[in-house]
There are 2 protein chains.
Amino acid sequence: MTSGAQHPDDTAAQPLRSDAERNRERIIAAARTVFARDGLNASMASVARQAGVGIATMFRRFPTKEELVDAVFVDRMNAYADTVAVALDDPDPWNGFVGYIETACAMQAADSGFADVLTMTFPTAKALEKRRNEAYEGMVRLIDRAKAAGRLREDFDLSDLVLLHMANAGVVSATGDAAPDAWRRVAALLIQSFEAPARGPLPASPEHDALYKAMLRGSPTDITSSEPGKSS
Amino acid sequence: MTSGAQHPDDTAAQPLRSDAERNRERIIAAARTVFARDGLNASMASVARQAGVGIATMFRRFPTKEELVDAVFVDRMNAYADTVAVALDDPDPWNGFVGYIETACAMQAADSGFADVLTMTFPTAKALEKRRNEAYEGMVRLIDRAKAAGRLREDFDLSDLVLLHMANAGVVSATGDAAPDAWRRVAALLIQSFEAPARGPLPASPEHDALYKAMLRGSPTDITSSEPGKSS
């Protein structure tokens, strides 16, 4: 596992003394486990407990949850961006598009924290958001290619991929270990609904700004207000 | 608002002294507000705070969260069952089916707590589960009618309505007030995917027992383990 401190994009991090670096790595490893199991609503306190470090150490290494999210999920977001690149290499635009959706939804099913990351945005998580924006650029090309091939409905919008991930996160979090493959059926239904020709008109996509605001629900103010322990 | 204590199905409730009854009503009203805003993960403590009663009073009136959920949501589940009955009265089986889905998803969008209730089951919430089972019986007839009319794909299963509600809950909770109508687009896409003839095969539905187990995630053990405040 590569510590975030050594990641070339983590420009904010100073070189750390070795015990500090060890703590940082332990916190990241613990957060991977806790977020994968409980999603991003998990408290910083429960990550500290899992890591076996005190709260003070926790907040010294990661003053905000966004910084922790950045360090924990940048690798996953890299893999996600790679999925888009692989899809663009598929000579069949529709196969590429469908393959991307299936892989991306499977990544959500494997990690509750990443399921949340794909439906949220974290403006100060610079490395993570840089990768997400690269993935978005690829997704736009993927959509355009599938439309040009006549296989994707014309009214399909990039925001529909965000909505798909929100729906998939709902199925994944509700079915969990009890019915771990249930999401595949919902994803397959949605893929069939995306296929051209459209069976009918759709309600308008949400405005870009509105959807962005919805994805900001994980920003510091919201995370604080929804953090377990703060409300009870 | 009818107090749960006066509901004919709430056989467990004893006649209460008037102050006790007043507390009970305050708690139910507070829980309606808190669950509608935060979903069923909201803690009993936050309901008590909203009601302005102590924790001891709270647990004297509602020893378990299931009993509170039963008292709070039986009216909503009545309305849900009514929606199914209205759909069955529609002379056009497909119109009835689609109208039911739109209304049921709108009920989820209006109340985060009820959005959770439709994807969970609470074995000791007797009144609520009795209504849910009545609704399920109607939904089976609704599905059969729409298939017989050749409008609903043959491989559609009752469990697909549960998965639909899980997906919709994911969209509703992720978009919230920022994009309050986004769920309509996802629901419309799913409805188009349900329409006959099917565009292709689907992965199998989850086993009945597996989906039931997933819906049990709100049972006392799970509620305790996921209750905010317990984990931090």
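Residues numbered from 1 in each chain as written. Chains lettered and ligands numbered in written order. Predicted model: local features only at pLDDT ≥ 70, side-chain atom pairs only at ≥ 80, totals over all residues. Heavy atoms only, no water.

A. Region of interest: the overall build of chain A. Check the secondary structure of chain A and you find eleven helices and zero strands. Reading the helices (α) and strands (β) of chain A from amino to carboxyl end gives α-α-α-α-α-α-α-α-α-α-α. Taking all 232 residues of chain A together, 52% fall into the buried category. Sequence separation of 24 or more characterises 71% of the internal contacts of chain A that already satisfy a separation of 6 or more. About 10000 Å² of surface is accessible on chain A, with carbon and sulfur atoms providing 51% of the total. (Helix = DSSP H or I, 4+ residues; strand = E, 2+ residues; numbered from the N terminus. Buried < 20%, exposed > 50% of the residue type's maximum accessible area, 1.4 Å probe, protein only. Contact = heavy atoms within 4.5 Å. Areas by Shrake-Rupley, 256 points an atom, 1.4 Å probe, with all protein chains shown as cover.)

B. Examining the nonpolar core more closely. Core analysis: the largest hydrophobic core is formed by 144 residues, its most contacted members being Phe97(A) and Phe97(B). The contacts of Phe97(B), once residues within four sequence positions are left out, are Leu142(B), Ile143(B), Ala146(B), Leu152(B), Phe156(B), Leu161(B) and Phe194(B). (Core = buried A, V, L, I, M, F, W, Y, C linked by side-chain atoms within 4.5 Å.)

C. Highlighting unusual backbone geometry. Cis peptide bonds are those with omega within 30 degrees of zero, and the linkage from Ala196(A) to Pro197(A) qualifies with 0 degrees. Its place among the elements puts Pro197(A) in the loop between α9 (182–194) and α10 (208–215).

D. Main features of the interface of chain A and chain B. Every contact between the two is made by 49 residues of chain A and, on the other side, 49 residues of chain B. For the pairing of chain A and chain B, the buried interface totals around 3900 Å² over both sides, and the portion due to carbon and sulfur atoms is 63%. Counting the surface chain A buries against chain B, the share from its top three residues, Arg185(A), Gln192(A) and Arg199(A), is 23%. Where chain A touches chain B, the interface holds two salt bridges. For the interface between chain A and chain B, the tally reads 20 residue pairs in polar contact (both at pLDDT 80 or more). Where the side of chain A that touches chain B is concerned, the elements lending two or more residues are α2 (44–51), α8 (158–175), α9 and α10 of chain A. In terms of residue count, the dominant contributor to the side of chain A that touches chain B is α9(A) (ten residues). Here the side of chain A that touches chain B is composed, by residue class, of 26 nonpolar, twelve polar and eleven charged. (Buried area = accessible area lost by both parts, 1.4 Å probe. Salt bridge = Lys/Arg side-chain N within 4 Å of Asp/Glu carboxyl O. Polar contact = N/O pair within 3.5 Å; in protein donor to acceptor, adjacent residues only side chain to side chain. Nonpolar A, V, L, I, M, F, W, Y, C, P; charged D, E, K, R; others polar.)

E. Region of interest: the pattern of salt bridges. As enumerated under the stated definition, the model contains 14 salt bridges over all chains in all. Among the ionic pairs, Asp160(A) bridges to Arg185(B), the shortest N-O distance being 2.6 Å. Here Arg185(B) lies in helix α9 (residues 182–194) and Asp160(A) lies in helix α8, a pairing that spans two chains. With a relative accessible area of 2%, Asp160(A) lands in the buried category.

F. Quick peek at the packing of aromatic side chains. Taken as a whole, this structure holds 16 aromatic pairs over all chains when the rule is applied. Between Phe156(B) and Phe194(B) the ring centres are 4.7 Å apart and the planes differ by 75 degrees, which places this aromatic pair in the edge-to-face class. Linking Phe156(B) in the loop between α7 (126–148) and α8 (158–175) with Phe194(B) in helix α9, this pair joins segments that are 38 residues apart in sequence. Note on Phe156(B): relative accessible area 4%, which makes it buried. Note on Phe194(B): relative accessible area 1%, which makes it buried. Here a set of aromatic residues connected by ring pairs shows up, and it is made of Phe35(A), Phe73(A), Tyr80(A), Tyr100(A) and Phe114(A). (Phe/Tyr/Trp six-rings, centres within 6.5 Å; stacked < 30°, edge-to-face > 60°.)

G. Fine view of the relation of the copies chain A and chain B. Mapping chain A onto chain B leaves a residual RMSD of 0.0 Å; the transformation is a rotation of 180 degrees accompanied by 0.0 Å of translation along its axis. Those values place the two copies in the arrangement expected of a two-fold rotation axis. Taken together, the interface assignments show that 100% of the residues at the interface of chain A recur at the interface of chain B, consistent with an identical surface on both copies. (Least-squares fit on C-alpha atoms with pLDDT ≥ 70 in both.)

H. Broad picture of the packing of α8(A) against α9(B). In the contact formed by α8(A) and α9(B), the axes pass within 10 Å of each other and the chain directions differ by 85 degrees. With respect to α9(B), the element α8(A) is oriented roughly perpendicular. In this structure, α8(A) contributes Asp160(A), Leu163(A) and Ala167(A) to the contact, and α9(B) contributes Ala182(B), Arg185(B), Val186(B) and Leu189(B). Broken down by class, the residue content of the contact of α8(A) with α9(B) amounts to five nonpolar, no polar and two charged. (Axes fitted to C-alpha atoms, helices over the stretch in contact; angles between N-to-C directions. Parallel < 35°, antiparallel > 145°, perpendicular 65-115°, else oblique.)

I. Expanded view of the environment of Ile28(A). Residues and elements named next belong to chain A. Looking at the element boundaries, Ile28 is found in helix α1 (residues 18–38). Residue classification places Ile28 among the buried positions, given a relative accessible area of 2%. The spatial distance from the C-alpha of Ile28 to the C-alpha of Ser18 is 15 Å, given a sequence separation of ten residues.

J. Geometry of the confidence of the model for chain A. On average, residues of chain A score 89 in pLDDT, and 87% of them reach the 70 mark or higher. Reported confidences for the modelled complex are a pTM of 0.86 and an ipTM of 0.85. (pLDDT = per-residue confidence, 0-100.)

K. Molecular detail of helix α5 (residues 93–110) of chain B. All names here are of chain B. Here α5 is 18 residues long and its end C-alpha atoms lie 26 Å apart, about the 26 Å a rise of 1.5 Å per residue gives. Listed in full, the buried residues belonging to α5 are Pro93, Trp94, Gly96, Phe97, Val98, Tyr100, Ile101, Ala104, Cys105, Met107 and Gln108. Close packing links the buried residues of α5 with α4 (65–89), α6 (112–117), α7, α8 and α9. Where α5 begins, the capping side chain belongs to Asp92, and its oxygen is found 2.9 Å from the backbone nitrogen of Trp94. (Expected span 1.5 Å × (residues − 1).)

L. Highlighting the packing of α5(B) against α9(B). Residue and element names in this part refer to chain B. At their nearest, the axes of α5 and α9 sit 11 Å apart, and the two run at 150 degrees to each other. In terms of orientation, α5 lies roughly antiparallel with respect to α9. Considering how the two elements wind past one another, α5 and α9 form a crossing that is right-handed. Here α5 contributes Trp94, Phe97, Val98, Ile101, Glu102, Cys105, Ala106 and Ala109 to the contact with α9, which in turn contributes Trp183, Ala187, Ile191 and Phe194. (Left-handed = near helix turned anticlockwise from the far one by under 90°.)

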